[in-house]
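The lines below spell out each chain.
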Amino acid sequence: MRVWAVANQKGGVGKTTTSIALAGLLADAGKRVVVVDLDPHGSMTSYFGHNPDTLEHSSFDLFLHKGSVPEGLPGQLLLPTSHDNISLLPSSTALATLERQSPGQSGLGLVIAKSLAQLWQDFDYAIIDSPPLLGVLMVNALAASQQLVIPVQTEYLAVKGLERMVSTLAMVNRSRKQALPFHIVPTLFDRRTQASMGTLRVLRDSYPENIWQGYIPVDTRLRDASRAGLTPSQFDGKSRGVTAYRALLKQLLTHNAAAQVA
Ligand SMILES: Nc1ncnc2c1ncn2[C@@H]1O[C@H](COP(=O)(O)OP(=O)(O)OP(=O)(O)O)[C@@H](O)[C@H]1O
Ligand SMILES: [Mg+2]
């Protein structure tokens, strides 16, 4: 199983959309995908028609055993989605109680890594949607992953948020054996605005090694897909947004293959 996290400390940059778009494309290609919602707001859980406010069982259950994960529990928590090849490990609002804990002190930093280890045979890919806050949950997402996708909205304030995310990553890398490879993905790009063009230029100049050379355009079909509860490619496989996500996926898979060979 390959595990990818999608994270950025800034809110509203396209994390959930990116997670679901990539999961959908992998699933269309016949891969078995588990999507993990670690955001207490539960946008991904809601997207697939489950209510994070009323779910009795969720990824929160995994954190209730002092850092160990009971055999079989992760599999029992999975819910179906609109796509036969995608299972959801849902969020619930209870996760918010963990969010502000210090990961070092609580000993809960590897709960998701341990949980996914139990699902290793059942899925080809895991994609983790993270909350916009550095705490136990984001640390779990980064610790479990082999590759990180950082969506960045192409507007001026976003660059500051990205700097924060990159320094968080540097901190997390100190406790990993290998640095986590990351890809910056410009999102919500509107070529008619100066902010989008200017920010894209700054991102490309500042992070030449880590930036994906494409961008995800503003595309209302992505919003429509979320309203319909379908992955973007199920909703409209030819839309501009999906075309861009397909190109991104290709890049991530190339990097994946290179990392495996190395
Ligand atoms: N490329 C896009 N074009 C148009 N709308 C988009 C695009 N990407 C995301 N959106 C919309 O923007 C909103 C925020 O996107 P999303 O929920 O993916 O961001 P997020 O980073 O996960 O937010 P949060 O930090 O709140 O979890 C959603 O309504 C989504 O449908
Ligand atoms: Mg989100």
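For the structure, see preceding data.
The paragraphs below set out a description of the structure included in this document.

About the thresholds
- Residues numbered from 1 in each chain as written.
- Chains lettered and ligands numbered in written order.
- Predicted model: local features only at pLDDT ≥ 70, side-chain atom pairs only at ≥ 80, totals over all residues.
- Heavy atoms only, no water.
- Helix = DSSP H or I, 4+ residues; strand = E, 2+ residues; numbered from the N terminus.
- Contact = heavy atoms within 4.5 Å.
- Polar contact = N/O pair within 3.5 Å; in protein donor to acceptor, adjacent residues only side chain to side chain.
- Expected span 1.5 Å × (residues − 1).
- Buried < 20%, exposed > 50% of the residue type's maximum accessible area, 1.4 Å probe, protein only.
- Core = buried A, V, L, I, M, F, W, Y, C linked by side-chain atoms within 4.5 Å.
- Pairing = 2+ DSSP bridges.
- Axes fitted to C-alpha atoms, helices over the stretch in contact; angles between N-to-C directions.

**Considerations on the environment of asparagine 210**
(1) Moving on: Within the fold, asparagine 210 resides in the loop between helix H9 (194-206) and helix H10 (220-228).
(2) Moving on: Sequence-wise, asparagine 210 and aspartate 236 are 26 residues apart; in three dimensions their C-alpha atoms are separated by 29 Å.
(3) Moving on: The residues contacting asparagine 210, other than those within four sequence positions of it, are Phe182, His183 and Ile184.
(4) Moving on: At a separation of 3.1 Å, a polar atom in the side chain of asparagine 210 contacts the main-chain carbonyl oxygen of phenylalanine 182.

**Brief notes about helix H8 (residues 156-173)**
(1) Moving on: With 18 residues, H8 ought to run about 26 Å at 1.5 Å a step, and its terminal C-alpha atoms sit 27 Å apart, in line with that.
(2) Moving on: Turning to H8, its buried residues number three or more, namely Ala158, Val159, Gly161, Leu162, Met165, Thr168, Leu169, Val172 and Asn173.
(3) Moving on: Structurally, H8 contributes buried residues whose contacts are with helix H7 (136-144), strand S6 (147-153), strand S7 (182-187) and H9.

**Some words on the environment of leucine 230**
(1) Moving on: Inspection of the secondary structure assignment puts leucine 230 in the loop between H10 and helix H11 (232-235).
(2) Moving on: Sequence-wise, leucine 230 and histidine 83 are 147 residues apart; in three dimensions their C-alpha atoms are separated by 7.7 Å.
(3) Moving on: Beyond its immediate chain neighbours, meaning those up to four positions away, leucine 230 contacts Tyr47, Ser82, Ala225 and Phe235.

**Some words on the nonpolar core**
(1) Moving on: Residues Leu62, Phe63, Ile112, Leu116, Ile128, Leu142 and Leu148 are the most contacted members of the largest nonpolar core, which totals 45 residues.
(2) Moving on: Among the secondary structure elements, those contributing two or more residues to this core are strand S1 (2-6), strand S2 (33-37), helix H6 (111-118), strand S5 (125-129), H7, S6, H8 and S7.
(3) Moving on: Within the second largest apolar cluster, 30 residues are counted, among which are Ala21, Leu25, Phe48 and Leu248.

**A look at the sheet that holds S7**
Backbone-to-backbone hydrogen bonds join strands into a sheet, with any given pair of strands oriented parallel or antiparallel.
(1) Moving on: Spatially, 7 strands are ordered S3-S4-S2-S5-S1-S6-S7 in an open sheet, and the strand pairing comes out mixed. In this open sheet, the two edge strands, each paired with only one partner strand, are strand S3 (79-80) and S7.
(2) Moving on: Judged from the 4 bridges that link them, S2 and strand S4 (residues 86-89) form a sheet pairing that is parallel. Within the sheet, the bridge partner assigned to valine 36 lies in S4 and is leucine 89.
(3) Moving on: Each of S1, S2, S4, S5, S6 and S7 is contacted by helix H1 (residues 15-28), which is oriented at about 165° to S5, the strand it contacts most.

**Some words on the pairing of S2**
(1) Moving on: For S2, the tally of buried residues reaches 5 of 5 residues, placing the bulk of the element in the interior.
(2) Moving on: By the alternation rule, side chains of S2 split into Val33, Val35 and Asp37 and Val34 and Val36, which are all buried.
(3) Moving on: Summarising the sheet, S2 and S5 pair through 5 bridges and their orientation is parallel. Counterpart to valine 36 in the pairing with S5 is isoleucine 128.

**What about unusual backbone geometry?**
(1) Moving on: Phi angles above zero are rare outside glycine, and lysine 66 is one such case at about 55°.
(2) Moving on: Here leucine 188, not a glycine, exhibits a phi torsion of approximately 50°, which is positive.
(3) Moving on: By secondary structure assignment, the location of leucine 188 is in the loop between S7 and H9.
(4) Moving on: On the basis of relative accessible area, leucine 188 is assigned to the partly exposed category, the value being 31%.

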